[in-house]
Structure formats: structure tokens, C-alpha cells
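Survey of secondary and tertiary structure
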Amino acid sequence: MLPEFDNTAIAFQYRSNKDLKQAWFLFSSMSSPLLTKIGLAATQLAINLHLPVNTLIKKTIFQQFCGGEDLAEAAVKANMLAQYHVGVILDYGVEGKGTEADFDNAVPEFIKAINYAAGQKNIPFISLKVTGFAHFALLEKINTDQALTPAEQEAWAKVYKRIDAICAVAAEKNIMVLIDAEETWIATPVHELAEAMMKKYNKGKVIVFNTYQMYCHSTLSFLEETIQKAKAEGYILGAKLVRGAYMEKERKRAKEMGYTDPIQPNKESTDRDYNDAVTLCMHNLDNLWVFIGTHNEKSCLLGATYMDAHKIDPNAPSVWFSQLYGMSDNISFNLAHAGYNVAKYLPYGPVKDVIPYLMRRAQENTSVAGQTGRELSLIKKEVKRRRIA
């Protein structure tokens, strides 16, 4: 059965009338670039001045896009989603910490999440960012193939050890790990780490997924290469497909530093490569598991239609669909209702630590053409259907 993405009764079945009204207000606000810019600037200023804004943030944008401030709060939303056969990706949303102690302290938090997930039926994934375990400058240096000092070599070995410790527990508990993509100028060490973990743990099934950002014009060919490499080296590739999250930053840096812009020339090129990547992965399910992470209805329907046409069981473990918590519920809940594997990204962590994530969500909803409008139209449709005043 193919999903119907316009079915708002299914899409918003977990949302109360009050929740719908709040979402309407939030997405209406984000539909204005000026309001979003002012709001983000004001929020950052308030945080810098240590003003008491945590409560306000938590009751608005945090509530819409995050699971909670700790694992216990995130568990409440995970249990709620389980009622609708929607899985969860636990995402400890602490980014860019700066000391070795911070990096070491993050490891037990992720292991704690894995151990919790292992006792739940609907938490098949956790996600992590390598920048949560490594200095950005170190990753930059490795990316440019510069020689590392003995101290840097030791630091890099510690990064590997941290990621490996998490993946080892994940393999033991049968929880999958999504290694998120980051900026292109640190991509090489991130890919190398992901590849090393896949070689070690993706035997017979997938534990570790690498992420492919299709808004980079070189990614499709890189995906093709890694599919062949995995087959040649005897491990199953975990391919998480996303469009990408750093476009403006990437373009600006390329222009300022005078190198070729790594980003696709337009949205159509990104959409083309993304859909080609979905099809490519579907053709290689004999040695690949794919994670279709997108808010694009056409791309999700492409994957579902391929599975239907080729008699692939909708809940085959090798195919997953995913959207962020608080967005594109029409895709997530309708896919789940039709029997497909779906998991929502559910970030959690102290409000002050997930601010970078929340700011990206606000900017994304403002800048991505049609995203906020689509969210609003669906919310309005459901409000009308429920006859909410």
C-alpha cells in the first residue's frame, strides 16, 4: 500500500488541538524571513547576556522540534510515537564542545542512550556528530592531508577510540548508529571514521551508516564508489541520504577562499541527484541498507513506489524513511500507517546546548522554498477538518 501524504487525520493524530494551534503560530512566524532573523538575533543576544530565556524557548521552538532536556523527557515522546508505529532516532544534541574532557564526557551519554534504546521496541537508532568528539581544527587539518604532530596523532587516536566505544556497544545491543555529515572542509576524516566503523561492525547486518549530502555535486559519484568498495571489501554499506544542511556557509566559504563551490548550482540538480541516489541504493539492496532522510514527498514516494513495484516488504530492515521531529508529519505518519519503516530524529539535551540545532531548524524553514508553506497548509487543513475555532 502506498502512502497518501495529504491525509492530515493520520498525519496529526498525535497532536492535540492546542498543539496544532501552537504549531500554526510557530510556522507562521518562521514564514517571515525578517521575523526569523530578528528572533534568532534576539535569542542569541539573550543567551550571551545570560538572560532567563530558557523557559520561553522550551515552551515554543524547543517543544516543537526537540524531545526534551534529558533522556527521561525524550522517552516520553518516544513512547508516544511508538503508539503510531513511528520509530525514534535518539540524538543527543550537544554540538561543538571544545575540550578533551567534554569529548570524553559525551561518550557515556551516548552509551546511556544506546542502553536505553535497547530496552525499547521503537528506538532502532542513535545519531552522532564527529565534532562532538573531536576538535574542529584537527578535522580541518586531516582534511587537507597535512602532517599531524605527535600530540595531534594522539588526539586523533582518541577520537577513533571514542567513536569505536560507542559503535561497539551499539553492535552488542543491536542499535544502529547514524554518523551525521558535516561541513565539506572536514568531510574526509568524518568519512574515514564512518568507513572504518562500517568495516568493523557491518557484517551480516548494518550497525553503522555514513551520511551522503546530495546537495554537493560530487556526492553521487562518491556514493557509487563506496557501494563498490563495500562489496569489494566484504562489508554491508549503510547509506543515509540527505540533501544537506550547510549550503549558505559552504557557498560563502568557497567564495571567500576562492575554490570551486561544492554545492549544486540549483535545487533541481540536488533533487535529481537525490532521487538518483535513492534509485541507486534500491538497486543495490543485496549489499546495502538505505536510510532515506528527507522532507521531500516525491523522494519518499519514489522509494515507496520502488519497493511496491519490486515486491519488497515495506518493513524490510534494509530500507528506512526519516524526517525531523516536528516537521513533515504528513510524510512520517502516513508512511508508518502504510507499513513502512519510519524513524523521527528526536534531539534532546539542555536547552542552551541544543540552541545551534534549533537555529538551523528556524533558518531551514525560512530558507527552504515551500517548506514552511507546506507545513502551514497541512496544519490549516487539519484545523479545518477538526473544526477548531
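Rules behind the numbers
- Residues numbered from 1 in each chain as written.
- Predicted model: local features only at pLDDT ≥ 70, side-chain atom pairs only at ≥ 80, totals over all residues.
- Heavy atoms only, no water.
- Helix = DSSP H or I, 4+ residues; strand = E, 2+ residues; numbered from the N terminus.
- Buried < 20%, exposed > 50% of the residue type's maximum accessible area, 1.4 Å probe, protein only.
- Lys, Arg positive; Asp, Glu negative; His and termini not counted.
- Salt bridge = Lys/Arg side-chain N within 4 Å of Asp/Glu carboxyl O.
- Polar contact = N/O pair within 3.5 Å; in protein donor to acceptor, adjacent residues only side chain to side chain.
- Contact = heavy atoms within 4.5 Å.
- Pairing = 2+ DSSP bridges.
- Right-handed = clockwise from strand over helix to strand, strands pointing away.
- Phe/Tyr/Trp six-rings, centres within 6.5 Å; stacked < 30°, edge-to-face > 60°.
- Core = buried A, V, L, I, M, F, W, Y, C linked by side-chain atoms within 4.5 Å.

Another point: the environment of Glu-248. With respect to the helices and strands, Glu-248 occurs in helix α11 (residues 247-257). By relative accessible area, which is 60% here, Glu-248 ends up exposed. Remark: the alpha-carbon pair of Glu-248 and Ile-263, spanning 15 residues in sequence, is separated by 9.3 Å.

Position of Lys-77 relative to the elements: it lies in helix α5 (residues 71-82). Despite its burial, Lys-77 pairs with no opposite charge; the closest candidate is Glu-73, at 7.7 Å N-O. Among the polar contacts listed, one links the side chain of Lys-77 to the backbone oxygen of Gln-63, at a separation of 2.9 Å. The contact partners of Lys-77, leaving out residues within four places of it in the chain, are Gln-63, Cys-66, Gly-67, Tyr-325 and Leu-346.

So, on to the pairing of strand β4 (residues 208-213). Here β4 lies mainly inside the structure; six of its six residues are buried. Residues of β4 alternate between two faces, with Val-208, Asn-210 and Tyr-212 on one and Phe-209, Thr-211 and Gln-213 on the opposite face, all of them buried. As paired elements, strand β3 (residues 176-179) and β4 share two bridges and run parallel to each other. Its bridge partner being in β4, Leu-178 is matched across the sheet by Phe-209. What joins β3 to β4 is helix α9 (residues 187-201), and the crossover it makes is right-handed. Both β4 and strand β5 (residues 237-242) contribute to a ladder of four bridges, which runs parallel. Residue pairing in the sheet places Gln-213 in a bridge with Val-242 of β5.

Per the stated rule, a full pass over the model turns up twelve aromatic pairs. With centroids separated by 5.5 Å and ring planes inclined at 50°, the aromatic side chains of Tyr-92 and Tyr-348 adopt a geometry described as tilted. Taken as a pair, Tyr-92 in strand β1 (residues 87-92) and Tyr-348 in strand β8 (residues 342-348) lie far apart in primary sequence, 256 residues in all. Taken individually, Tyr-92 and Tyr-348 each receive the classification buried, so the pair is uniform in this respect.

Burial of strand β6 (residues 288-293) is extensive: six of the six residues sit out of reach of the surface. Residues Leu-288, Val-290 and Ile-292 line one face of β6 and the alternating positions Trp-289, Phe-291 and Gly-293 line the opposite face, and both faces are buried. Bridge count for β6 against strand β7 (residues 319-324) is four bridges, and the pairing is parallel. Paired with Gly-293 across the bridge in β7 is Ser-322.

With that settled, consider the nonpolar core. Among the nonpolar cores identified, the biggest contains 84 residues, and Leu-90, Ile-126, Leu-223, Leu-237, Leu-241, Phe-321 and Leu-335 are the most heavily contacted of them. When residues no more than four places from it in sequence are discounted, the contact partners of Leu-335 are Pro-3, Phe-5, Cys-300, Ala-304, Phe-321, Tyr-340 and Val-342. Ranked by size, the runner-up nonpolar core spans 32 residues in total, among them Phe-65, Met-176, Tyr-345 and Leu-376.

Another aspect to go through is the pattern of salt bridges. For the structure on display, the rule yields 19 salt bridges. The residue Arg-162 makes a salt bridge to Asp-104 at a minimum N-O spacing of 2.8 Å. With Arg-162 in helix α8 (residues 150-173) and Asp-104 in helix α6 (residues 100-118), this pair connects stretches of sequence that are 58 residues apart. Assessed through its relative accessible area of 4%, Arg-162 is described here as buried. In this structure Asp-104 comes out as partly exposed when scored by relative accessible area, which is 41%. The shortest N-O distance in the salt bridge between Lys-200 and Asp-164 comes to 3.1 Å. Remark: Asp-164 occurs in helix α8 and Lys-200 occurs in helix α9; sequence separation between them is 36 residues. What makes Lys-200 partly exposed here is its relative accessible area of 43%. In this structure Asp-164 comes out as buried when scored by relative accessible area, which is 14%. Salt bridges linked by common partners bring Glu-195, Lys-199, Lys-229 and Glu-233 together as one network.

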